[in-house]
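Understanding the architecture of this molecule
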Amino acid sequence: MRVAVGFDLDMTLIDSRPGIRATYRALTAATGVFVDADLAVTRLGPPLRHELREWFPADEVEGAVATFRELYPDHAVAPTVPMPGAVEALAAVRELGLRVVVVTSKLGRLAELHLAHLGLRADVVAGDLFAEGKAAALVEHQVHWYVGDHVADMVAATTAGIPGVGVATGPCSVDELRAAGAGYALPDLTEFPPLLREIAVGSGHAAG
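Residues numbered from 1 in each chain as written. Predicted model: local features only at pLDDT ≥ 70, side-chain atom pairs only at ≥ 80, totals over all residues. Heavy atoms only, no water.

Structurally, Asp 153 is set in helix H8 (residues 151-160). A polar contact is formed between the side chain of Asp 153 and the backbone nitrogen of Asp 149, at a distance of 3.2 Å. (Helix = DSSP H or I, 4+ residues; strand = E, 2+ residues; numbered from the N terminus. Polar contact = N/O pair within 3.5 Å; in protein donor to acceptor, adjacent residues only side chain to side chain.)

Given below as structure tokens:
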């Protein structure tokens, strides 16, 4: 199996805020429970139920999760766009003969809808995983570097024993990503291709 570069999805490869905002508003309309969609999209990263616990009684959270996921394909996919540099980042991985593995807290089937809609191809998508829970997938799929926007992604990389590459395009700053264990911290993905060429060639994992 060829070496892989791992990526988080939301706010790393895709800007899903417009679509997730629309889905939260549809959830409010469907349930009658107010969710501050503008606030919720500022703290993407943790699993959905973490956010919904802020708005729904404990015994209604799982029902709200199910309703949100039912609404998601019709509301969240079309408005979502690639993050700046995402297309070029994946192209750089391919040019070096490496695989792309997406490991995300989003359900795998929903993550795949986004990737297909935007023409972003992954060799593997592993979903419904967060923080330390991502580590087993990173190891299983021979991910050697994991790119993410959240401190929990850096925890995932550290737990898997690989360098984390933080991108400050989500709720966490460069300093916060470094403090969480990032081996590299970038303002966004546009700086990732030259970094990847340097570290992949330096480690002997580039195809040429």
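Let's shift gears to the sheet that holds strand S7 (residues 164-167). Where strands meet in a sheet, backbone hydrogen bonds hold them as pairs that are either parallel or antiparallel. Pairing is parallel across the open sheet formed by six strands, whose spatial order is S5-S4-S1-S6-S7-S8. The strands lining the two open edges of the sheet, one partner per strand, are strand S5 (124-126) and strand S8 (184-186). Direction aside, the axes of adjacent strands within the sheet are offset by 20 degrees on average. Pairing between strand S4 (residues 99-103) and S5: three bridges, direction parallel. For Val 102, the partnering residue across the bridge sits in S5 and is Val 125. The sheet contacts of helix H5 (residues 86-95) involve strand S1 (4-7) and S4, and relative to S4 the element is tilted by about 135 degrees. Each of strand S6 (143-148) and S7 is contacted by H8, which is oriented at about 170 degrees to S6, the strand it contacts most. (Pairing = 2+ DSSP bridges. Axes fitted to C-alpha atoms, helices over the stretch in contact; angles between N-to-C directions. Contact = heavy atoms within 4.5 Å.)

What follows deals with the nonpolar core. Val 5, Phe 7, Leu 13, Leu 98, Leu 189, Phe 192 and Leu 196 are the most contacted members of the largest nonpolar core, which has 29 residues in total. Counting only elements with at least two residues in this core, the list comes to S1, H5, S4, helix H6 (108-118), S6, S7 and helix H10 (192-202). Excluding its chain neighbours within four sequence positions, the residues that come into contact with Phe 7 are Leu 13, Ala 89, Leu 90, Val 93, Val 100, Val 101, Val 102, Val 103, Tyr 146, Val 147, Leu 189 and Phe 192. (Core = buried A, V, L, I, M, F, W, Y, C linked by side-chain atoms within 4.5 Å. Buried < 20%, exposed > 50% of the residue type's maximum accessible area, 1.4 Å probe, protein only.)

Bringing the packing of helix H1 (residues 17-31) against helix H4 (residues 61-76) into the picture now. H4 packs onto H1 with a crossing angle of 130 degrees between their chain directions and a minimal axis gap of 9 Å. In this view, H1 runs oblique relative to H4, as classed from their interaxial angle. As for how H1 packs across H4, the hand of that crossing is right-handed. Contacts between H1 and H4 involve Gly 19, Ile 20, Ala 22, Thr 23, Tyr 24, Ala 26, Leu 27 and Ala 30 from the first element and Ala 64, Thr 67, Phe 68, Leu 71, Tyr 72, His 75 and Ala 76 from the second. Residue composition of the contact of H1 with H4, by class: 11 nonpolar, four polar and no charged. (Parallel < 35°, antiparallel > 145°, perpendicular 65-115°, else oblique. Left-handed = near helix turned anticlockwise from the far one by under 90°. Nonpolar A, V, L, I, M, F, W, Y, C, P; charged D, E, K, R; others polar.)

Buried residues of H6: Gly 108, Leu 110, Ala 111, His 114 and Leu 115, and no others. Down the axis of H6, the buried side of the element spans an arc of 165 degrees, and every buried residue falls inside it. At its buried positions, H6 is contacted by strand S2 (14-15), H4, S4 and S5. Trailing H6 by a residue or two, Gly 119 shows a phi angle of about 70 degrees, which is positive. (Arc of directions from axis to C-beta.)

In terms of burial, S6 is largely enclosed, as five of its six residues are buried. Bridge analysis of S1 against S6 gives four bridges, and the strand direction is parallel. Across the sheet, residue Phe 7 finds its bridge partner in S6, namely Val 147. Pairing geometry for S6 and S7, over three bridges, is parallel.

Once that is clear, we can look at the pattern of salt bridges. All told, the structure shown has 12 salt bridges when counted by the stated rule. Notably, a salt bridge pairs Lys 134 with Asp 8, separated by 3.2 Å at the nearest N-O pair. Linking Lys 134 in the loop between S5 and helix H7 (135-140) with Asp 8 in the loop between S1 and S2, this pair joins segments that are 126 residues apart in sequence. Taking relative accessible area as the criterion, Lys 134 reaches 1% and is therefore assigned buried. Lys 134 is the partner of Asp 153 in a salt bridge, and the nearest nitrogen-oxygen pair spans 2.8 Å. In this pair, Asp 153 sits in helix H8 while Lys 134 sits in the loop between S5 and H7, placing the two residues 19 residues apart along the sequence. For the pair shown, Asp 153 and Lys 134 are each scored as buried. Counted as one network, the salt bridges with shared partners bring together Asp 8, Lys 134 and Asp 153. (Salt bridge = Lys/Arg side-chain N within 4 Å of Asp/Glu carboxyl O.)

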